[in-house]
Amino acid sequence: MDEQRNTPDEARFSDDEDGALPSVAPGSGAAPGVGRIVLAATPIGNVGDASTRLVELLATSDIVAAEDTRRLHRLVTALGVEVSGRVISYHEHNEVAKTGELLDHVRAGKTILMVSDAGMPAVSDPGFRLVEGAVAAGLTVTAVPGPSAVLTALALSGLPTDRFCFEGFLPRKSGERNSRLADLADERRTMVFFEAPHRLEVMLRALHERFGAERRVAVCRELTKTYEEVIRGTLRELLEWAENNEVRGEIAVVVGGAPEQEPGKPEDHVAAVNELISQGIRLKEAVAAVAEDARVSKRELYSAVLAAR
């Protein structure tokens with residue numbers, strides 16, 4: 001079947017790794033900067049969330065680079081749009097090899113639309129290497145904003161949204177996972193994670209052990225879909241829920257930041273200063289280091305150290 005037909009049939013969208021893009025000499029075609037890369041957000045569940053700009057770009061872009069061409073086929077079928085450009089597979093296993101080819105096509109004046117399975121490309125999805133390469137080469141990169149599992153989960157969590165960080169998936173190996181959580185134990189911003197449903201209980205148990213039973217958390221599953229569900233509570237409550245329920249669907253976990261610690265009295269930190277002094281650090285420097293870490297007055301801590309002598 002002719003791969004250049006302007007209909008989104010299964011053959012056109014097959015995940016064919018052997019179908020390399022036609023070679024383009026780096027300096028050929030239009031002047032550098034005429035082409036562009038467009039990162040476009042796709043629906044995270046409800047196809048009705050697709051933007052008009054996404055539909056237009058699917059129909060008009062010279063090349064559509066998709067994380068999964070089969071999912072792209074289902075999306076364009078649902079949207080009723082015909083893709084006129086070349087469709088290629090671009091994912092974590094081939095993006096190193098294909099990035100250079102795509103950048104050459106941008107140099108030649110082509111518009112490349114980058115889409116992932118759901119949400120915004122380059123955010124816990126393929127696309128970062130393409131953006132990185134384009135920026136280094138001085139090529140144009142823009143984005144079509146839209147659905148985001150990170151922001152949707154954050155907004156629905158009921159936890160503070162003024163400051164947050166996205167941590168993606170935790171490592172699967174327990175040692176690496178514990179190390180990452182140890183680094184985050186004192187993080188005061190709200191944290192957003194992704195997790196597979198069959199690993200959710202293990203994740204919540206690890207969070208429970210590192211962050212404590214009373215840390216607030218929200219498990220958001222199947223966002224924007226028919227069976228959307230947000231379960232809110234403490235880590236103790238959510239771990240008990242996960243232990244007693246078969247969890248399915250795509251999961252985002254939102255965790256409240258570490259509570260503010262009371263600074264305490266300056267005299268409570270005299271021993272820490274003396275410990276640093278015993279290691280050869282000068283009094284003034286030791287007081288400054290401990291005062292900053294304990295969030296107490298340097299002057300008051302200095303006086304407390306002298307009074308204790």
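Before reading on, note that the structure itself is shown above.
Thresholds, definitions, all that
In this convention, every chain numbers its residues from 1, walking through the sequence in written order. In view of the model being predicted, local features appear only for residues whose pLDDT reaches at least 70, and side-chain atom pairs are presented and counted only at 80 or more, with totals across whole chains, interfaces and linings using the full set of residues. Side-chain metrics rest on all non-hydrogen atoms present in the structure, leaving aside hydrogens and water. DSSP-based pairing: two strands are paired if at least 2 bridges between them are found. Where helices and strands are cited, they refer to DSSP runs of H or I of at least four residues and of E of at least two residues respectively, numbered from the N terminus. In this analysis, axes come from line fits to C-alpha atoms, helices being fitted only over the stretch in contact, and the angle between any two N-to-C directions falls in the range 0 to 180 degrees. The contact definition used throughout considers only heavy atoms, calling two residues in contact when any of these lie within 4.5 Å. Only protein chains enter the accessibility calculation, which uses a 1.4 Å probe. A residue is then buried if its area is under 20% of the maximum for its type, exposed if over 50%, and partly exposed in between. In this tally, Lys and Arg are treated as positive and Asp and Glu as negative; His is ignored, and so are the chain termini. When a carboxyl oxygen of Asp or Glu lies within 4 Å of a side-chain nitrogen of Lys or Arg, that pair is called a salt bridge. Under this definition, polar contacts are N or O atom pairs within 3.5 Å; protein pairs additionally need one hydrogen-donor-capable and one acceptor-capable atom, and for neighbouring residues in sequence, both atoms have to be side-chain atoms.

## Brief notes about the sheet that holds strand β1 (residues 36–40)
Sheet strands line up and pair through hydrogen bonds in the backbone, either parallel or antiparallel.
Moving on, step 1. Strand order in the open sheet made by the five strands is β3-β2-β4-β1-β5, with parallel pairing throughout. In the strand order of this sheet, the two ends are held by β3 (86–89) and β5 (140–144), each with one partner. Each adjacent strand pair in this sheet contributes to an overall mean axis angle of 25 degrees, direction not counted.
Moving on, step 2. The sheet contact formed by β1 and strand β4 (residues 111–115) spans four bridges and is parallel. Across the sheet, residue Ile37 finds its bridge partner in β4, namely Ile112.
Moving on, step 3. Each of β1, β4 and β5 touches helix α4 (residues 128–137); the most contacted strand, β1, lies at about 150 degrees to it.

## Describing the side chain of Arg215
Moving on, step 1. Here Arg215 shows up in the loop between α7 (200–211) and β8 (216–221).
Moving on, step 2. Buried within the structure, Arg215 lacks any salt-bridge partner; Asp186 is the closest side chain of opposite charge, at an N-O distance of 6.6 Å.
Moving on, step 3. Engagement of the side chain of Arg215 in a polar contact is seen with the backbone oxygen of Ala185, the distance being 3.4 Å.
Moving on, step 4. When near neighbours in sequence (up to four residues on either side) are disregarded, Arg215 contacts Ala185, Met191, Gly233, Thr234, Leu235, Val255, Gly256, Gly257, Ala258 and Pro259.

## Things to note about the pairing of β3
Moving on, step 1. Every second residue of β3 is oriented toward a common face, with Arg86 and Ile88 on one face and Val87 and Ser89 on the other, all of them buried.
Moving on, step 2. Taken together, the four bridges between strand β2 (residues 63–66) and β3 define a ladder with parallel strand orientation. Bridged to Ala66 within β3 is Ser89.

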